[in-house]
Amino acid sequence: MSNSKNINNTSLNWHFLDGFAAICVRVLPLFLGAFCATISYADMSFKSPLSSSQVRQIGGINSIAQDRHGFIWLAGEVGLGRYDGSELRVFEHQPKNKNSLISSYIRKIKVANNGTLWVATESGLCRYLDAAEQFDCDFSWLGQPLGGASMQALAFDRLGDLYVGGRAGLFFFNGQDRQLTAIPFTSEGDEYRNSTVVDLLMDGRGFLWIATAYNGLFRYHPVHGVVQHIQYDANGDNTTGLVSDKTKALLMDAQGRLWVGTYGGGVSVFSADGEHIINYNLQSHGTKGFASNVIWDIYEDQENVIWIAMDQGGLVQFDEAKQRFYPERHRPHDVNSLASDQVRVIFEDANRDMWVGTFDRGVSFFNHGKKRIQTYRKDPKNTNTLSHSSILALQQGAGDVLWVGTEDGFNALNTVTGNVQRYTISNTGLPAKAVLSIAQMDERTLWLGTWSGGLVSFDIPTGEVTALAQGSVPAIVERSRFVWDILNASDGSTWLASELNGLIRLTHNRTKAEHYQAVGSNPSSISHDFIWRIIERKNGDIMLGTHGGLDSFVSAEEGFKHWLINSEVKGALSKRITALFENHDRSIWVGTQDQGVFWLSPEGDVIKHFGRAEGMPALTASAILDDSLGRIWVATINGLVLIDPATLELSVFTHDSGLAGNNFNRNAFVRGSDGYFYIGGADGLNRFKPEELKPQDTDFPVYVTGFSLLNERVSPGAYPLEISTLFSPAIRLNHQDLMVALSFTALNYRDASTLSFAYRLEGFDNDWRAVGDNRTATYTNIPPGEYQFKVRASRHDGDWIVSSPLAITMKAAPWLTLWAYLGYAIMLILCGGWIANYMNLRGKSRHYRRLSQEDSLTGILNRLGMHHAIDSLFESASANDITGLLVIDIDHFKLINDNYGHDRGDQILKSVVEVLQSSVRRSDILGRWGGEEFLLVCPNVDADIIQTIAEKIRHSVELARFAGLADKLTVTVSIGATLFTEQESLDHGFKRADDALYRAKNEGRNRCVYV
């Protein structure tokens, strides 16, 4: 039992202040016994939303907050980040920018009731001006600038006033005169007078709790100024004070209890009336789950679960109802575990999802919806877990036992305690590792269908595995080495589905066998010898899903019926049947390997086909089951699908929903005796109640987050952005703004990777422009007019969420306004010649602009023109487009100039260009880079294509004959070729191709080298 003490010392009794009614509630005994059940491995599934480069940009996470728009702010040791689920925008101290942070080391962030984000840094206090996207750090303390004062804690009272704590003590911020006033929360002459404040908590009674780094806990009342000092009792048995004076984190929970985390001592919990204290640490009894006494943060979520952040100890949850601590640790082999055990801060966002900040690995994100799904996997370090994470078969056993077939043996999983008994080749007589099917034959016997090892029997009480080919069953069973399904029919017969050995029916207490195989000349034989599934219909009929179609058994004499589907679906029913299920109304649900799911009437007519167009995430369905609400659940190789037959609506559940993975590629889907669904896949076993698992499609905000001119981001306050696009209803542009770009986002942290966007400039675009996961819209040469820019993001269910419109006004050029036209008319009458001259100058300007990008000798693009063309190509290319680059150089061109003169050399250059133009594709971009060197940019190519193009050019030049040269003298070229990597600049790609060109030169010229 933990240290639970009665405390009568007045220093801890909350009743000592007159005029303040204490909350007189007896503390519930926090008795924490040892676990009575084993918590399943990887019960919580986290994801790490930040990339490693994003983590490096902000460093260790000290604090997390969510602003009024929904952005997540991450306070790091080297910067402050604003995260939208994809992009991390980092704010740092910039010495020459007075509107930047005063320090890049961020200690604490907190959002006030009015929406203001306050930032406590190592060098002072700042607030974020979101409309201007700037920071205001110009505050003073005692009439002096605040710079250099380390701020570490923030708290707001009921009126919204701010208290700030740090290395220099406690301060009250007065917003009117922008002053920080020091608050002496200790007695005059107290040796702890200059205590470093590390955390602040304003409770519901108006008391301010002050946690200090070395001097214990203080309670201060802002009006009465009364201070109470609570410390560690070093001379006694610690029955009247804190577990340590090195306090670190404070929490007042929903029951009015005060939780105090310490640096090295664990946690102290004070009852609501202050008369009881319980200390939890590594030395306490009943605190299994504690891995460290260094506590960084304590948090209570909206379900009143207490979360504790530990240094080198991961996370601990305290379940009030079960009175238990649940540990969550980092597991190096599991990508779904906590990112690091060095946990610094815990935060719950508006969607009730949890963010866990760590010292060295960024943040871990826990989807609250995943609490409804329990997962089981193999833990190499824990033998009380599954023998393998890839699940192939499931069978409900007696009582609480679930039999789990995997790629490495099978397991007996106790679904109540979580205990697992493994049965593998190493400890049984299993003839093969993979267990494809499981059937319970009687109370003590299982039959197991294996991959390559045939059918075996398992004696449950003794744990013995015995091959069934030793006279106990007909010999035909021995030849079936791959048994995919086993069915015990209501008439006492047993059916075996095999791979390439057809169908076997065992009768007469399984001593006689009927063997059915596909015979091409017999239309009543089975469709194929590879059988995946067998089910018994409610009328007793046996139905088969085979590699060649859907069959049902009529009788031994009449053979099999082949279902001829009457359907308007193109191609009718697939021949590859991988899943079968009969619903309560006798309708049949058929899963296929390549066409999705078919819903059939009892007679075989197609009621509905569910394919890609209907929302299926994959066309391979491996298992089907119904729930108590009459809904259909389909396991696919890319997620779990819920189909409502009444509305025909589909919902998709994936790893982001809490499942162990997305790939459900085997018939491992059962309803347990406990009412839970169990579904296995390539990444583990999942357990959930289907009635409680709901789609996570919730509305989320869609914002325009930035504006750029000519690829340069415009800061609020600079033309044309008066305020941030998050607030601005309109933007006014002029005719000189030839290229504009708008960035946007959707704050859906649960499914950020699955978001798809589309945007539209109403008045310019005829329809929405779908851009996938791209988050930027670029426009060039927008005509004068009034427009509305909108962006929309797709939800999981296919619905779109649209942003608020942003009005964009494009002002006409002065010479295109009505007044200008009137002036033109007058000027035409008065000065027609001048107008003609003016128009002529404009034409020349355009001509010169064109000439500035053309090579005057050859007529192709020059270096400047190539730069513009390549930039445009890269901007319009999608993430999957691959672009190639050729650097072409005429061999020994200097000799041609020296021997034949520069005029002849110029003619050769023009002739070579003609050969090049005749050898390239229309989409390729050719330009003269300088001298006798040319660049060719080839979009939509791969390594083979780019080398083919290069060789074609080299060969064409070699075969060409050029006027004015000796008959035996040929012109050749050397070529360096490469492919641009993703988001690579022209300079990097050119360097690589240029190196390849030099290799070609060094290797003898007249050749192509690809790197």
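Residues numbered from 1 in each chain as written. Predicted model: local features only at pLDDT ≥ 70, side-chain atom pairs only at ≥ 80, totals over all residues. Heavy atoms only, no water.

Chemist: Got a minute to help me understand the overall build of the protein in this structure?
Modeler: Across its full length, the protein holds seven helices and 74 strands. Taking contacts inside the protein between residues at least 6 apart in sequence as the whole, the part at least 24 apart equals 55%. Surface exposure of the protein reaches about 44400 Å², of which carbon and sulfur atoms provide 49%. (Helix = DSSP H or I, 4+ residues; strand = E, 2+ residues; numbered from the N terminus. Contact = heavy atoms within 4.5 Å. Areas by Shrake-Rupley, 256 points an atom, 1.4 Å probe, with all protein chains shown as cover.)

Chemist: Any chance you could explain the nonpolar core here in plain terms?
Modeler: In a soluble, globular protein the nonpolar side chains are often hidden away together inside. The biggest cluster of nonpolar side chains holds 33 residues, and the ones touching the most others in it are Ile64, Leu74, Leu80, Ile109, Val119, Phe135 and Trp355. Element by element, the count of residues in this core is highest for strand β4 (residues 72-76), at four residues. The residues touching Leu80, leaving out its near neighbours within four places in the chain, are Ile58, Trp73, Leu74, Ala75, Arg89, Val90, Phe91, Leu101, Ile106, Ile109, Val119 and Phe135. (Core = buried A, V, L, I, M, F, W, Y, C linked by side-chain atoms within 4.5 Å. Buried < 20%, exposed > 50% of the residue type's maximum accessible area, 1.4 Å probe, protein only.)

Chemist: I keep staring at helix α4 (residues 893-900) and nothing clicks. Help me out?
Modeler: An α-helical turn contains 3.6 residues, so a residue and the one three or four places further along point in the same direction. All of the buried residues along α4 are Phe893, Ile896 and Asn897. Take α4 and look down its axis: the buried residues cluster within an arc of 95°, on one side only. Relative to its buried face, α4 has exposed residues pointing more than 90 degrees away, namely Lys894 and Asn899. Looking at the buried positions of α4, the neighbouring elements they touch are β70 (883-890) and α5 (902-919). Looking one or two residues past α4, Gly901 carries a phi angle of roughly 95°, positive in sign. (Arc of directions from axis to C-beta.)

Chemist: Would you take a moment to explain unusual backbone geometry for this structure?
Modeler: The phi angle of most residues is negative, glycine excepted, and most peptide bonds adopt the trans form. The linkage connecting Tyr719 with the following residue, Pro720, adopts the cis geometry, with an omega of -5°. At Ser452, a residue that is not glycine, the phi angle is positive and equals roughly 80°. Along the chain, Ser452 falls in the loop between β38 (445-450) and β39 (455-459). Positioned with a positive phi, His892 is a non-glycine residue whose angle comes to about 50°. The topology assignment puts His892 in the loop between β70 and α4. Here His892 falls in the partly exposed class, since its relative accessible area comes to 45%.

Chemist: Hey, could you run me through the packing of α4 against α5 in this one?
Modeler: One can describe the packing of α4 onto α5 by two numbers: an axis separation of 7 Å at closest approach and a directional angle of 140°. Classified by the angle between their axes, α4 and α5 sit oblique to one another. Where α4 approaches α5, its residues Phe893, Ile896, Asn897 and Tyr900 are matched on the opposing element by His902, Arg904, Gly905, Ile908 and Leu909. By residue class, the composition of the contact of α4 with α5 is five nonpolar, three polar and one charged. (Axes fitted to C-alpha atoms, helices over the stretch in contact; angles between N-to-C directions. Parallel < 35°, antiparallel > 145°, perpendicular 65-115°, else oblique. Nonpolar A, V, L, I, M, F, W, Y, C, P; charged D, E, K, R; others polar.)

Chemist: Any chance you could explain a nonpolar patch on the surface here in plain terms?
Modeler: Among the surface-exposed residues, Trp815, Leu816 and Tyr821 lie close enough to one another that they form a single nonpolar patch of about 290 Å² accessible area. Take Tyr821: its relative accessible area is 46%, and that puts it in the partly exposed class. (Patch = residues over 30% accessible without salt bridge, like charges linked within 9 Å, V, L, I, M, F, W, Y side chains within 5 Å. Salt bridge = Lys/Arg side-chain N within 4 Å of Asp/Glu carboxyl O.)

Chemist: Please explain the packing of aromatic side chains as it appears in this structure.
Modeler: For any pair of aromatic rings, the description rests on two quantities: the centre-to-centre distance and the angle between the ring planes. If you walk through the whole model with that rule in mind, you get 49 aromatic pairs. Taken together, a centroid distance of 5.7 Å and an interplanar angle of 25° make the contact between Trp633 and Phe653 stacked. Highlighted residues: Trp633 in strand β54 (residues 632-636) and Phe653 in strand β56 (residues 649-653), separated in sequence by 20 residues. Owing to a relative accessible area of 0%, Trp633 belongs among the buried residues under this scheme. Residue class for Phe653 comes out buried when judged on its relative accessible area of 1%. The ring of Trp563 is capped by Lys561, whose NZ or CZ atom sits 4.7 Å from the centre of that ring. (Phe/Tyr/Trp six-rings, centres within 6.5 Å; stacked < 30°, edge-to-face > 60°. Lys NZ or Arg CZ within 6 Å of the ring centre and 35° of its normal.)

Chemist: Got a minute to help me understand the sheet that holds strand β41 (residues 483-488) in this structure?
Modeler: Pairing between the strands of a sheet comes from backbone hydrogen bonds, and it takes one of two forms, parallel or antiparallel. Across the sheet, which stays open at both edges, the four strands sit in the order β41-β42-β43-β44 with antiparallel pairing between neighbours. Strands with a single pairing partner mark the edges of an open sheet, and in this sheet they are β41 and β44 (512-516). Ignoring strand direction, the axes of neighbouring strands in this sheet form an average angle of 20°. Both strand β43 (residues 503-507) and β44 contribute to a ladder of five bridges, which runs antiparallel. Paired with Leu506 across the bridge in β44 is Ala513. (Pairing = 2+ DSSP bridges.)

Chemist: Explanation requested: the confidence of the model for the protein in the structure shown.
Modeler: Segments scoring low in pLDDT should not have their predicted coordinates read at a detailed level. Mean pLDDT over the protein: 86, with 89% of residues reaching 70 or higher. Counted against residues more than four places away or in other chains, residues 1-42, with its pLDDT under 50, gives 127 contacts. (pLDDT = per-residue confidence, 0-100.)

Chemist: Would you mind showing me how to read helix α6 (residues 943-959) here?
Modeler: End to end, α6 covers 25 Å across 17 residues, agreeing with the expected 24 Å (1.5 Å per residue, within 8%). Check the buried side of α6 and you find it contacts β70, α5, β72 (933-939), β73 (973-979) and β74 (1008-1010). The opening residue of α6 is Asp942, an N-cap whose side-chain oxygen sits 3.2 Å from the backbone nitrogen of Asp944. (Expected span 1.5 Å × (residues − 1). Polar contact = N/O pair within 3.5 Å; in protein donor to acceptor, adjacent residues only side chain to side chain.)

Chemist: Help me understand the pairing of β38, please; the structure alone is not making it clear to me.
Modeler: Within a regular beta strand, the side chains point alternately toward one face of the sheet and then the other, so they alternate between its two faces. Among the six residues in β38, six count as buried, and that is most of the element. Sheet topology places strand β37 (residues 435-442) next to β38; six bridges connect them, and they run antiparallel. Across the sheet, Ser437 pairs through a bridge with Gly449, a residue of β38. Count of turn residues in the β37/β38 antiparallel hairpin: two residues. Where β38 lies against β39, five bridges are found, and the strand directions are antiparallel. Across the sheet, the residue bridging to Trp447 is Ser457, located in β39. Connecting β38 to the next strand, β39, in antiparallel fashion are four residues, including Ser452 with a positive phi near 80°.

Chemist: When you look at the side chain of Asn862 in this model, what are you seeing that I'm missing?
Modeler: By the secondary structure assignment, Asn862 is in the loop between α2 (818-851) and α3 (863-876). Separated by 3.2 Å, the side chain of Asn862 and the backbone nitrogen of Leu864 make a polar contact. Each residue touching Asn862, except ones within four places of it in the same chain, is listed here: Leu851, Ser852, Gln853, Glu854, Asp855 and Arg928.

Chemist: Would you explain the pattern of salt bridges in this entry?
Modeler: Charged atoms that come close allow side chains of opposite charge to pair. One pass over the structure, following the stated rule, counts 32 salt bridges. For Glu122, the salt bridge is made with Arg167, and the minimal N-O distance between the two is 3.0 Å. Residue Glu122 is located in the loop between β8 (117-121) and β9 (124-129), and its partner Arg167 is located in the loop between β14 (162-166) and β15 (169-174); the two are separated by 45 residues in the primary sequence. Here Arg167 falls in the partly exposed class, since its relative accessible area comes to 43%.

Chemist: Whenever I open this one, the sheet that holds strand β6 (residues 88-91) confuses me. Can you help?
Modeler: Spatially, β3-β4-β5-β6 is the arrangement adopted by the four strands of the open sheet, whose pairing is antiparallel. In the strand order of this sheet, the two ends are held by β3 (61-66) and β6, each with one partner. Between one strand and the next, the sheet's axes are offset by a mean angle of 20°, whatever the strand orientation. Sheet topology note: the strand β5 (residues 80-83)/β6 ladder contains four bridges and is antiparallel. What sits directly across from Gly81, in β6, is Val90.

Chemist: Is there a simple way to explain the packing of α5 against α6 in this structure?
Modeler: Between two packed helices, both the angle of their axes relative to each other and the distance between the axes serve to describe the pair. Following both chains from N to C, one finds α5 and α6 inclined at 140°, their axes separated by 9 Å at the closest point. The orientation of α5 with respect to α6, classified from their angle, is oblique. Between α5 and α6 lies a crossing of right-handed hand. Between α5 and α6, the residues in contact are Val915, Leu916 and Ser919 and Lys952, Ile953, Ser956 and Val957, respectively. (Left-handed = near helix turned anticlockwise from the far one by under 90°.)

Chemist: What am I meant to see in the pairing of β9 here?
Modeler: In this sheet, β9 lies alongside β8 in antiparallel orientation, the contact comprising five bridges. Each bridged residue has a counterpart across the sheet, and for Ala120 the counterpart in β9 is Leu125. Connecting the antiparallel pair β8 and β9 is a turn made up of two residues. Note that β9 and strand β10 (residues 134-136) share three bridges and pair antiparallel. Pairing of Tyr128 across the sheet is with Phe135, part of β10. As consecutive antiparallel partners, β9 and β10 are separated by four residues, and within that stretch Glu133 has a phi angle of approximately 55°, a positive value.

Chemist: Can you help me understand the environment of Asp891 in this one?
Modeler: Mapped onto the elements of the fold, Asp891 is located in the loop between β70 and α4. On the basis of relative accessible area, Asp891 is assigned to the buried category, the value being 4%. Separated by 83 residues in the primary sequence, Asp891 and Ser974 have C-alpha atoms spaced 6.4 Å apart. Beyond its immediate stretch of four places on either side in the chain, Asp891 contacts Thr972, Val973, Ser974, Lys1001, Arg1005 and Asn1006. Side chain to side chain, Asp891 and Thr972 meet in a polar contact 2.7 Å long. Within the structure, Asp891 has its side chain in polar contact with the backbone nitrogen of Asn1006 (distance 2.9 Å).

Chemist: Explain the environment of Gly266 to me, please; I cannot follow it from the model alone.
Modeler: Inspection of the secondary structure assignment puts Gly266 in the loop between β22 (258-262) and β23 (267-270). Residue Gly266 is classed as buried on the basis of its relative accessible area, which comes to 0%. Along the backbone, Gly266 and Thr247 are 19 residues apart, and their C-alpha atoms lie at a distance of 9.5 Å. Contact partners of Gly266, with chain neighbours within four places excluded, come to Val243, Val260, Gly261, Tyr280, Asn281, Asn293 and Ile295.

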